[in-house]
Amino acid sequence: MLKKSFGGSESLLIFAIQTEDIYSLDKFNAWYDLGVKIASYDAIDSVFSEAHLYRLQKDTINEKFFFDKICKSRPTSQKEVDSLKAIIRSNPFYDGLIYNAETNASLMMAVVNEEIMGDMKTAKVLLEVEKGAEEFEKTLGEIRISGMPHIRVSVGKKLEGELGFFIALSIGVTSLILFIFFRSIRVVFTCISVVFIGVIISLGTIAAFGYKLSILMVLIPPLIIVISIPNCIYLITKYHQEIKDHGAKIKALSRIIQKIGVASFLTNLTTALGFGTFIFTNSERLFEFGVIASINIMFCFILCLTVLPIILSYSKVPQTKHLKHLEKQWLTFAVEKLEYLSMYKRKWVYAGVGVIVLTTGIGVSFIITTGNITGDLPQDDPITTDLKFIEENFGGSIPFDLLIHTKDTNSFWRRFEEIEAVQKYLSGFPEFSKSLSAADMVKVVNMTYSNDDSTRYVIPSLTKLNKILPWIENSASQTGANAFLDSSKTITRITMQIKDIGSYEIQAIVDSITPAVDAILNPDHKACDSIYKLYKESNGDEKSKQFITLYNQYPSVGFNLKKIFAGNNQAKLDEFMMDDSKLIALQNNEGFEDSLKKAIDQNHWDITYTGTSVVASNGTQYLVTNLFSSLAIAILLIGLIMAFLFRSWRMVIVSLVPNFIPLLTTAAIMGYFGIPMKPSTLLVFSIAFGISVDDTIHFLAKFRQELKMHEHDFRRCVLVALRETGASMIYTSIILFFSFLMFTFSEFGGTKALGLLISLTLGVAMFSNLIVLPTLLLWMDKKLTNKALAEPLLELFNEEEDIELNELEIASTVKHYQEEDEKQNPDE
């Protein structure tokens, strides 16, 4: 509505200085020269500052107003500058708008061409404009730059820098960890080759879909790297296990595709679903992010299952030294301890989970929700500090508008006092800057009409306004009325700036001012409605009495009613105006009640709060709600996949519970450490859930296979699953932990929080899947057997294939735990 009626409100590029002697010859000329230089760029439509202002003048011959430039050329003497100062500083319209006399701050506003801002490639010219201001700092001191165009272009520049940085950093981090685990340059090269192809494809899909670079889109390439590596680790670890067992390369490659292929497909599918749920958020940026991420995650699966085996087929058979990572003492020790906890110390596990749930429940209650435009930038970033400077000296920095729907053409001419009263009320809020409206426009006109007498900067009387009105009509667009009135002259606005205080804080302010603003603009509405209600409920003389009361007490309602019955017939309207009895005589006519209600409603002005600040506030709140919905969708879809695989609701619960624990833990950390819930941090839950459930699928896939082969021996099945998948789960979790942790090097707070929280979530998820999941399976031994043994709808492994495990070792371990049970005689 705002853009349609008045154009964009986000096109001001603001330059600010703070100096005591801006009206010294050298500084004023520097300020003048800076404005001229900025205006020379095609991207800039106009420039306004104390050196580039206009004032309204009278054309007494043609009886109209026109704008005249105050400083027509570069001053040549201090006397000329002093004269300009006297003119500018005596005009109350500019006080608090262009300058702050108390703090010696002064603004230069450059109006940026909206077409330029539509394309970030062309918008980069603003960086040249801003750089051109630096040469004037020697004379003017520090020049601070703000405004929505500056914020968007500066953030875009940072994003481009982070794209290359994170690609390089993610490749470096994953390569180092891969080498530490596998001690093989060949393995590192193989994995990175697959990943590099995935990165190229991801960048290509962004370009193919025509999506623009955003804070989220910058994360796509490094995310693809991070998510592809676990696929490679599972395949290579299984490949090495097969080589160790029988040494046949082709057989090993065949088996990893058969055994890991379907499970990898499902793990990538669940991860893609975690990202894909963002498609349902109705946020353009999140929709684009969800589409690109989901598509490329599935591309990663295809690449890993095709390119990786091809590369391995051309490579030499791994030597014994390359397989030593399968026998690392620390890894073996860790898996054995996990086995012991799951097999024997289940009470400890239950108690630990209980403590975690209780602690996290308390932490979750401390979470606060917020979100503001610069909230993801560091407090010491120039964008933030310059924005705060503007707020401290001029009250606000983000556009905030009140649209007033008057419903009747030019009806605001009779009610300037109400508009001014709203402005005075809003001036009491420290969050707002000086406001401007049609009331200010008419005050400037009155002052000009009164020969620039600043004491006449007031709303004129109705009599004087009627004298000025022909001058305004003759002036067309020369009074600045178009900035406050739409083309139909039924909508006017009050425009100002608000501090970047946060989405929910802005909504709280809107909620608090709405009743007061409505009471100022519509003081009689409730009383009119009350009398009309009595009128409708009455009959005969009492009904007529109520109408006369309404008509006499509220003349504006009577005037509206006369216009309704007169229609476009001016003569009829004149009759009604001359003789009230002619209108009163119509009250028994059919449809009179509806016409009276319409007359009352026409007298009521509707108010809409809008502007960048309000739109961002509403968008953030809506987005938070949608992100919670997307998490619920992710959980539902992944639960359905588990049900599809195992056809047992108990198995669905067993698979989901270990993945809820890390989500609760992360939420509690946010509560305890004051990390606010906002769009950038809410992304954590859907992403982390989609990734963490991958380990669950790998574990349950192996468990399901063993359950079919070993006649319901739960202990044996859990032990084998833990032995076979434990190492890969630890490897992938460590890599994911450190890979997401690299996002903490970002300049954006949201990206830092995203990386840190996902890392913590996946770290907790690793322990949850390796401890809680096996424990739950053993606890639900008898309950799960019948259902879980039913033929699966999708084979996760080739279950009929002979399994070449070290049967004696597994049997020995199981027997050991059985003996421990007999000695300790546990209650389970």
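Residue positions are counted from 1 within each chain, in the order its sequence is given. Per-residue local features of the predicted model are confined to residues with pLDDT of at least 70, and side-chain atom pairs are confined, for both listing and counting, to 80 or more; whole-chain, interface and lining totals are unaffected and use all residues. The side-chain numbers reported here are obtained from all heavy atoms of the structure, hydrogens and water having been left aside.

Moving on, we get to the overall build of the chain. Assigned secondary structure in the chain consists of 32 helices and ten strands. Accessible area is worked out with a 1.4 Å probe on protein chains only. A residue is then buried under 20% of its type maximum, exposed over 50%, and partly exposed in between. Burial analysis of the chain (828 residues in total) assigns 56% to the buried set. Residues count as neighbours in contact if any of their non-hydrogen atoms are within 4.5 Å of one another. In the chain, the proportion of contacts linking residues at least 24 apart, taken out of those at least 6 apart, comes to 79%. Here, Shrake-Rupley sampling with a 1.4 Å probe gives the accessible areas, and only protein chains in the shown set may cover a residue. When the accessible area of the chain is evaluated, it comes to approximately 35,800 Å², of which 58% is carbon and sulfur surface. Comment: elements are numbered from the N terminus, with helices defined as DSSP H or I runs of at least four residues and strands as E runs of at least two.

For the rest of this paragraph, the subject is the pairing of strand β6 (residues 105-112). Within β6, eight of the eight residues are buried, which leaves the element mostly enclosed by the surrounding structure. On β6, burial covers both faces: Ala 105, Leu 107, Met 109 and Val 111 on one face and Ser 106, Met 108, Ala 110 and Val 112 on the other are all buried. Bridge count between strand β1 (residues 12-18) and β6: seven bridges; the pairing is antiparallel. Bridge pairing in β6 places Ile 14 opposite Met 109. The pairing criterion for strands is at least two bridges between them, as found by DSSP. As judged from the four bridges shared by strand β2 (residues 44-48) and β6, these two strands associate in the antiparallel manner. Bridging across to β6, Ser 46 finds its partner in Val 111.

One finds Phe 15, Phe 400, Phe 416 and Phe 703 to be the most contacted residues of the largest nonpolar core, which totals 162 residues. Of all the elements, helix α8 (residues 148-182) adds the most residues to this core, at twelve residues. The contact partners of Phe 416, leaving out residues within four places of it in the chain, are Ala 438, Ala 439, Val 442, Ile 459 and Leu 465. In this structure, Ile 220, Val 226, Leu 286 and Leu 762 belong to the second largest nonpolar core, which totals 54 residues. Definition of nonpolar core: a set of buried residues of the types Ala, Val, Leu, Ile, Met, Phe, Trp, Tyr and Cys, connected through side-chain atoms within 4.5 Å.

This part covers the side chain of His 525. Relative to the helices and strands, His 525 is located in helix α20 (residues 525-537). Relative accessible area serves as the criterion here: at 19%, His 525 is assigned to the buried category. Each residue touching His 525, except ones within four places of it in the same chain, is listed here: Ile 600, Asp 601 and His 604.

This part takes up the sheet that holds strand β8 (residues 398-405). Taken together, three strands build an open sheet; the order of strands is β9-β8-β10 and the sheet is antiparallel. A single partner strand is all that each edge strand has here, and the edge strands are β9 (491-498) and β10 (606-610). Within the sheet, the average angular offset between the axes of one strand and its neighbour, ignoring direction, is 20°. Inspection of the sheet shows β8 paired to β9 by eight bridges, in the antiparallel sense. Within the sheet, the bridge partner assigned to Leu 402 lies in β9 and is Ile 494. Angles run from 0 to 180 degrees between N-to-C directions of axes, and those axes are lines fitted to C-alpha atoms, restricted for helices to the stretch in contact.

A word on the packing of aromatic side chains. Under the pairing criterion, centres of Phe, Tyr and Trp rings, with the six-membered ring standing for Trp, must be within 6.5 Å; the plane angle then separates stacked pairs below 30 degrees from edge-to-face pairs above 60, leaving the rest tilted. All chains considered together, the criterion is met by 22 aromatic pairs. Each ring, one from Phe 547 and one from Tyr 551, has its centre 5.9 Å from the other, and the planes form 40°; the classification is tilted. Separated by four residues within a single helix, Phe 547 and Tyr 551 lie in helix α21 (residues 540-553), roughly one turn from each other. Of the two residues, Phe 547 and Tyr 551, neither departs from the other in class, the shared state being buried. Considering the side-chain rings of Phe 565 and Phe 592, the 5.7 Å spacing of their centres and the 25° angle between planes classify their relative orientation as stacked. Here Phe 565 is found in helix α22 (residues 555-566), whereas its partner Phe 592 is found in helix α25 (residues 592-602), with 27 residues between them in sequence. Phe 565 gets classed as partly exposed once you look at its relative accessible area, which sits at 27%. Through successive ring pairs, a cluster of aromatic residues spans Tyr 532, Tyr 535, Phe 547, Tyr 551, Phe 565 and Phe 592. Between Lys 58 and the ring centre of Tyr 449, over which it is positioned, the NZ or CZ distance is 5.4 Å. Two conditions define a charge located above a ring, namely a distance within 6 Å from the ring centre to NZ of Lys or CZ of Arg, and an angle within 35 degrees of the ring normal.

Moving on, we get to the state of the cysteines. When two cysteine sulfur atoms lie within 2.5 Å, the pair is treated as a disulfide. This structure, assessed with the given rule, holds zero disulfides. Take Cys 300: it sits in no disulfide, and the sulfur closest to it among the cysteines is that of Cys 304, at 6.3 Å. For Cys 300, a relative accessible area of 1% translates into the label buried. On the basis of relative accessible area, Cys 304 is assigned to the buried category, the value being 2%.

Turning next to helix α2 (residues 25-39). The span one expects for a helix is its residue count, reduced by one, times 1.5 Å. Over its 15 residues, α2 extends 21 Å from the first C-alpha to the last, a length consistent with the 21 Å expected when each residue adds 1.5 Å. Along α2, the residues that are buried comprise Lys 27, Phe 28, Asn 29, Ala 30, Trp 31, Tyr 32, Leu 34, Gly 35 and Ile 38. Buried residues belonging to α2 abut β1, β2, α3 (78-89), β6, α6 (125-132) and α7 (137-140).

By secondary structure assignment, the location of Met 298 is in helix α12 (residues 284-314). Met 298 sits 33 residues away from Phe 265 along the chain, and the two C-alpha atoms are 8.0 Å apart. The contact partners of Met 298, leaving out residues within four places of it in the chain, are Phe 265, Asn 268, Leu 269 and Ala 272.

In this section: the pattern of salt bridges. Whenever a carboxyl oxygen of Asp or Glu lies within 4 Å of a side-chain nitrogen of Lys or Arg, that contact is scored as a salt bridge. This model, assessed by the stated rule, comprises 22 salt bridges. In this structure, the salt-bridge partner of Lys 131 is Glu 134, at a minimum N-O distance of 4.0 Å. Classification of Lys 131 by relative accessible area gives exposed; the value is 55%. Note on Glu 134: relative accessible area 47%, which makes it partly exposed. Residue Lys 562 pairs with Asp 580 through a salt bridge whose shortest N-O separation is 3.0 Å. Taken as a pair, Lys 562 in helix α22 and Asp 580 in helix α24 (residues 580-584) lie far apart in primary sequence, 18 residues in all. One connected set of salt bridges, linked through shared partners, spans Glu 142, Arg 144 and Asp 386.

Now for the packing of helix α9 (residues 185-208) against helix α10 (residues 220-246). At a closest axis distance of 9 Å, the pairing of α9 and α10 adopts a crossing angle of 145°. For the crossing formed where α9 meets α10, the hand is right-handed. From α9, Val 187, Cys 191, Val 194, Val 195, Gly 198, Val 199, Ser 202, Leu 203 and Ile 206 reach across to α10, where they touch Ile 220, Pro 221, Ile 224, Ile 225, Ser 228, Ile 229, Cys 232, Ile 236 and His 240. For the contact of α9 with α10, a count of residues per class yields 14 nonpolar, four polar and no charged. By definition, any crossing whose near helix is turned counterclockwise from its far helix by less than a right angle is left-handed, and any crossing with a clockwise turn is right-handed. Amino acids outside the nonpolar list (Ala, Val, Leu, Ile, Met, Phe, Trp, Tyr, Cys, Pro) and the charged list (Asp, Glu, Lys, Arg) are all regarded as polar, and Gly is one of them.

Working note: α-helix, 3.6 residues per turn, so residues spaced by three or four point in the same direction. Taking 1.5 Å per residue, 31 residues should reach 45 Å; helix α30 (residues 749-779) reaches 42 Å between its end C-alpha atoms and fits that length. Residue Ser 768 marks the point of greatest curvature in α30, where the axis turns by about 35°. Along α30, 24 of the 31 residues are buried, which leaves the element largely enclosed by surrounding structure. Across the chain, bend at a residue is computed as the angle between axes fitted to the seven residues ending at that point and the seven starting from it.

With that settled, consider the pairing of β8. A large share of β8 lies buried, amounting to eight of its eight residues. The side-chain alternation of β8 yields two buried faces, one formed by Ile 398, Phe 400, Leu 402 and Ile 404 and the other by Pro 399, Asp 401, Leu 403 and His 405. The sheet contact formed by β8 and β10 spans five bridges and is antiparallel. Counterpart to Ile 404 in the pairing with β10 is Ile 607.

On to the confidence of the model for the chain. Put simply, the chain has an average pLDDT of 81, and 88% of its residues get 70 or more. For the stretch residues 1-8, pLDDT sits under 50, and the model shows 25 contacts to residues farther than four places along the chain or on other chains. Scored below 50 in pLDDT, residues 796-812 shows 43 contacts in the model against residues more than four places distant or in partner chains. pLDDT measures the predictor's confidence residue by residue and takes values from 0 up to 100.

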